[in-house]
Amino acid sequence: QVQLVESGGGLVQPGGSLRLSCAGSGFTFSRSHMNWYRQAPGKERELVAGITSASAGGSTNYADSVEGRFTISRDNAKSTMDLQMNSLKPEDTAVYYCNAAIPWFGTQRYYWGQGTQVTVSS
């Protein structure tokens, strides 16, 4: 079955850095678009960054709020996706979720990891 496992969350001071990782299994990772979402308390889940499949060129996109500070990457050989987060701000505090958009008979199915907490505080 499809599994997405996030790691790398924690507590960091403002201005600091963290690197999140997502390990995928049970599906063809390289053919799937991959995304990072986050959800802060009392707010809706929002897209942070996305990276397309290998066949689509691995292009990336970012939310305006993280552009220039966060970098998404993927290693298709290892079926992993990372999110390097620099210059972290208190407003980046949220649970971060790995998301996979897996091709399925002309459409896509979406799967989620369990989430990892990121807290930015002094």
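Details of the structure are given in the entry above.
Right, let's walk through the structure included here. Since the structure is predicted, the reported quantities are computational estimates derived from the model, not experimental observations.

## Digging into the environment of Gly68
At step 1: Relative to the helices and strands, Gly68 resides in the loop between β6 (60–62) and β7 (70–75).
At step 2: The exposure class assigned to Gly68 is exposed, which follows from its relative accessible area of 74%.
At step 3: For the pair Gly68 and Arg38, spaced 30 residues apart in sequence, the C-alpha to C-alpha distance is 17 Å.

## Description of the pairing of strand β1 (residues 3–7)
At step 1: Of the two faces of β1, only the one carrying Leu4 and Glu6 is buried; Gln3, Val5 and Ser7 on the other face are not.
At step 2: Summarising the sheet, β1 and strand β3 (residues 18–25) pair through five bridges and their orientation is antiparallel. Residue pairing across strands places Ser7 opposite Ser21, the latter belonging to β3.

## Some remarks on the sheet that holds β1
At step 1: Read from one edge to the other, the open sheet built from four strands follows the order β1-β3-β8-β7, with strand pairing classed as antiparallel. In this open sheet, the two edge strands, each paired with only one partner strand, are β1 and β7. Looking at each pair of strands side by side, their axes are set apart by 15 degrees on average, direction ignored.

What counts, and at which threshold
Here, residues in each chain are numbered from 1, in the same order as that chain's written sequence. Owing to the predicted nature of the model, reporting of local features is limited to residues with pLDDT of at least 70; listing and counting of side-chain atom pairs is limited to 80 or more, with chain, interface and lining totals taken over all residues. By convention in this description, side-chain values take in all heavy atoms of the structure and omit both hydrogens and water. Segments assigned H or I by DSSP are reported as helices when at least four residues long, segments assigned E as strands when at least two residues long, and all are numbered from the N terminus. A 1.4 Å probe rolled over the protein chains alone gives each residue an accessible area, and that area as a share of the maximum for its type sets the label: buried under 20%, exposed over 50%, partly exposed in between. Strands are labelled as partners when DSSP assigns at least two bridges between them. Simply put, an axis is a line fit to the C-alpha atoms, just over the touching stretch for a helix, and the angle between two N-to-C directions goes from 0 to 180 degrees.

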